[in-house]
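Examining the three-dimensional arrangement
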Amino acid sequence: MASAPLDQYRSAPPQGSTVDAVVVGAGIAGLSTARELLERGRSITVLERRDRVGGRLHSPRLGRGDGRVDLGATWFWPGESRVTALVERLGIAVHDQHLVGDALYQASTGVQRLDGNPLDVPSWRFTDGAASLAETLATTLPADVVHLGTTVEAIRAGGAPATAPAGGGAEVGDVGPLTVHHGDCAVTAEHVVLALPPALAVADIDLQPALPEPVAGLAAATPVWMGATTKVVARYEQPFWRHRGLSGSAVSHVGPMRELHDMSGPDGDPAVLFGFAPGLTGAPTPDEAAIRRQLGDLFGPDGAEPIELLIADWRHERATSPDGVEALGAYQTYGHELYRRPALGGRLHWASTETSPVAPGHIEGALAAAERAVAAIDTDLADRPRPQGATTP
């Protein structure tokens, strides 16, 4: 199934509209939440700040137009049943991660060739980029469901005005329908799903009533997966490292990239290496000269001369990472039990990969979080009258 042009998603939802659920974020978790609720006969609106769907599934096309590369999510693994089922359902092309060859280890004393490849494990890659999963899923939704370029600024309960002062306090009982404010418009829903990193949600969205302190504090402290990482993609005319018996994988204690892998397409075309550089507080984005130098040190003169170099510093992706994202390191908060309980009297739900106890940080985790939100919303709505003006799609 080919991805449809996304222009159909750019219009804002009608002012004053009422639906069963508003989903904030059109990444894979938000789109999956919308799809599953629509299949249960619920009315849905998805609001996305970016001008594209996919969130951290981001796959720009290479400069010569011959393939896409992943600047966000890259793999999925055996045993991840949800993403495997979605890939099969949507007919998404995938291929095996390249594993064959030796890996490299870089220390201050030089580069060592390892015997074999202890860094990679069997996994699959999306042949047209991970974003193809989100884009194709979006095409299964009605054209009036997803709205791009729409920044959610406030969520209010019980008709509270958008200018209501911030508060604090304990969890509340049922607060009634929630109104989601974006620009000069608003949409009201029985439920709201936050399908974006919790730290970003509490930093950017004014919630009234406020979340109870344990939940607000948890969300503010939860690291954003990929949020403090720079991802580097280097494209070459051919996968020369394979011809030398190398897997393309490397680990480095020198940097700027600390971990590298082969990201080539099927049969090595396009020929691509990629790496992760940790984002340290106050550290600049790695520059091209430093990246080329490291690639040359690891893979020789050919490595230092990619024909295309893409650098994505997720610290500066404001639709993903709040200010100070580098300081968030409490990864034990992933999948916390508080994320499994809807807030604001059961009306506000968490559905990002960070909130899942199953495969947090993976696409599988995002789909598991969406599954949890859908189950809670559908159960609650089964016992409620439909909102006035809501229609079954």
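Keep in mind it's a predicted model, so treat the numbers as computed, not measured.

Here we look at the overall build of the protein chain
Along the protein chain, the regular secondary structure elements total eight helices and 18 strands. Taken over the C-alpha trace, the protein chain has a radius of gyration of 22 Å; the compact-globule value for 393 residues is 21 Å, and the two agree within 12%. In terms of overall dimensions, the protein chain has a C-alpha envelope of 65 × 40 × 35 Å along the principal axes. Expressed as a percentage of its 393 residues, the buried residues of the protein chain come to 56%. Here the analysis covers contacts within the protein chain between residues at least 6 apart in sequence; of these, 75% occur between residues at least 24 apart. Summed over all atoms, the accessible surface of the protein chain reaches about 15600 Å², with 53% contributed by carbon and sulfur. Here the protein chain carries 31 positive and 47 negative side-chain charges, and the mean point of each set is 1 Å from the other.

Notes on the environment of His 182
Here His 182 lies in strand S10 (residues 178–182). Classification of His 182 by relative accessible area gives buried; the value is 5%. Each C-alpha atom of the pair His 182 and Glu 153 lies 5.5 Å from the other, and the pair is 29 residues apart in sequence.

Remarks on the pairing of S10
Of all five residues in S10, five are buried; the element is thus mostly enclosed. Burial along S10 is two-sided: Leu 178, Val 180 and His 182 facing one way and Thr 179 and His 181 facing the other are all buried. Looking at chain direction, strand S9 (residues 154–157) and S10 are connected through four bridges and run antiparallel. Each bridged residue has a counterpart across the sheet, and for Ala 154 the counterpart in S10 is His 181. Where S10 and strand S11 (residues 185–194) come together, five bridges link them in antiparallel fashion. What sits directly across from His 181, in S11, is Ala 186. In this structure, the hairpin formed by S10 and S11 is closed by a connection of two residues, where Gly 183 is found at a positive phi of approximately 60°.

Looking at helix H8 (residues 363–381)
For H8, built from 19 residues, the straight-helix expectation of 27 Å at 1.5 Å per residue is met to within 8% by its first-to-last C-alpha distance of 27 Å. The complete set of buried residues in H8 reads Ile 363, Glu 364, Gly 365, Ala 366, Leu 367, Ala 368, Ala 369, Ala 370, Ala 373, Val 374, Ile 377 and Leu 381.

Considering the sheet that holds strand S3 (residues 75–76)
With antiparallel pairing, three strands are arranged side by side in an open sheet as S3-S7-S4. Of all the strands in the sheet, the pair left with one neighbour each is S3 and strand S4 (94–96).

Points about the packing of aromatic side chains
Within this structure, the stated rule accounts for eleven aromatic pairs. Ring geometry for Tyr 331 and Tyr 334: centres 5.4 Å apart, planes at 75°, overall edge-to-face. The partly exposed category is assigned to Tyr 331, whose relative accessible area is 43%. By relative accessible area, which is 11% here, Tyr 334 ends up buried. Within the aromatic cluster, the residues linked to one another by ring pairs are Trp 75, Trp 77, Phe 274 and Phe 276.

Focus on the sheet that holds strand S5 (residues 102–107)
Ordered by their spatial adjacency, seven strands build an open sheet running S6-S5-S14-S15-S16-S13-S17, and the pairing between neighbours is mixed. Each edge of the sheet is formed by a strand with only one pairing partner; in this case those strands are strand S6 (110–113) and strand S17 (308–313). The mean angle between the axes of side-by-side strands here comes to 20°, regardless of whether they run parallel or antiparallel. With four bridges connecting them, S5 and strand S14 (residues 246–252) associate as parallel partners. Paired with Asp 102 across the two strands is Leu 246, which belongs to S14.

Here we look at the side chain of Asp 313
By the secondary structure assignment, Asp 313 is in strand S17. Engagement of the side chain of Asp 313 in a polar contact is seen with the side chain of Thr 230, the distance being 3.4 Å. In this structure Asp 313 touches Thr 229, Thr 230 and Thr 285, once residues within four positions along its chain are discounted.

A word on the nonpolar core
By size, the foremost hydrophobic cluster in this structure holds 39 residues, and its most contacted members are Ile 28, Leu 31, Phe 126, Leu 133 and Val 146. Sorting the residues of this core by element identifies strand S1 (17–24), helix H1 (28–39), strand S2 (44–47), helix H2 (81–90), helix H3 (131–138) and H8 as the ones contributing at least two each. Per-element accounting of this core gives the leading share, seven residues, to H8. Residues in contact with Leu 133, not counting those within four places in the same chain, are Ile 28, Leu 57, Val 83, Leu 86, Val 87, Leu 90, Ile 92, Phe 126 and Ile 363.

So, how was this worked out
- Residue positions within a chain follow its written sequence, with the count starting from 1.
- With the structure being a predicted model, the display of local features is reserved for residues of pLDDT at least 70 and the display and counting of side-chain atom pairs for 80 or more, all residues being used for whole-chain, interface and lining totals.
- Heavy atoms throughout the structure, all of them, feed into the side-chain values; hydrogens and water do not.
- Under the DSSP-based scheme used, a helix requires at least four consecutive residues in state H or I and a strand at least two consecutive residues in state E, with every element numbered from the N terminus.
- We take the radius of gyration over the C-alpha atoms and set the globule estimate at 2.2 Å times the residue count to the 0.38 power.
- Under the scheme applied here, a residue whose accessible area is under 20% of the maximum for its type counts as buried, over 50% as exposed, and between as partly exposed, the area being computed with a 1.4 Å probe on protein chains only.
- In this analysis, two residues are considered to be in contact whenever any of their non-hydrogen atoms come within 4.5 Å of each other.
- Only the protein chains shown count as cover for residues, and all accessible areas are computed by the Shrake-Rupley method using a 1.4 Å probe.
- The sign given to each residue is positive for Lys and Arg and negative for Asp and Glu; His and the chain ends receive no count.
- In plain terms, the charge of a residue is placed at NZ if it is Lys, CZ if Arg, CG if Asp and CD if Glu.
- DSSP-based pairing: two strands are paired if at least 2 bridges between them are found.
- What a helix should span is 1.5 Å times the count of its residues minus one.
- In this scheme Phe, Tyr and Trp rings, the latter by its six-membered ring, pair at centre separations within 6.5 Å, and the angle between planes marks the pair as stacked below 30 degrees, edge-to-face above 60, and tilted otherwise.
- A fitted line through C-alpha atoms serves as each axis, taken over the contacting stretch for helices, and the angle formed by two N-to-C directions is quoted from 0 to 180°.
- Whenever two N or O atoms come within 3.5 Å, that pair is a polar contact, provided that in protein one can donate a hydrogen and the other can accept it, and provided that, for residues adjacent in sequence, both atoms are side-chain atoms.
- Definition of nonpolar core: a set of buried residues of the types Ala, Val, Leu, Ile, Met, Phe, Trp, Tyr and Cys, connected through side-chain atoms within 4.5 Å.

The quantities given are spatial measurements derived from coordinates; they are silent on function.
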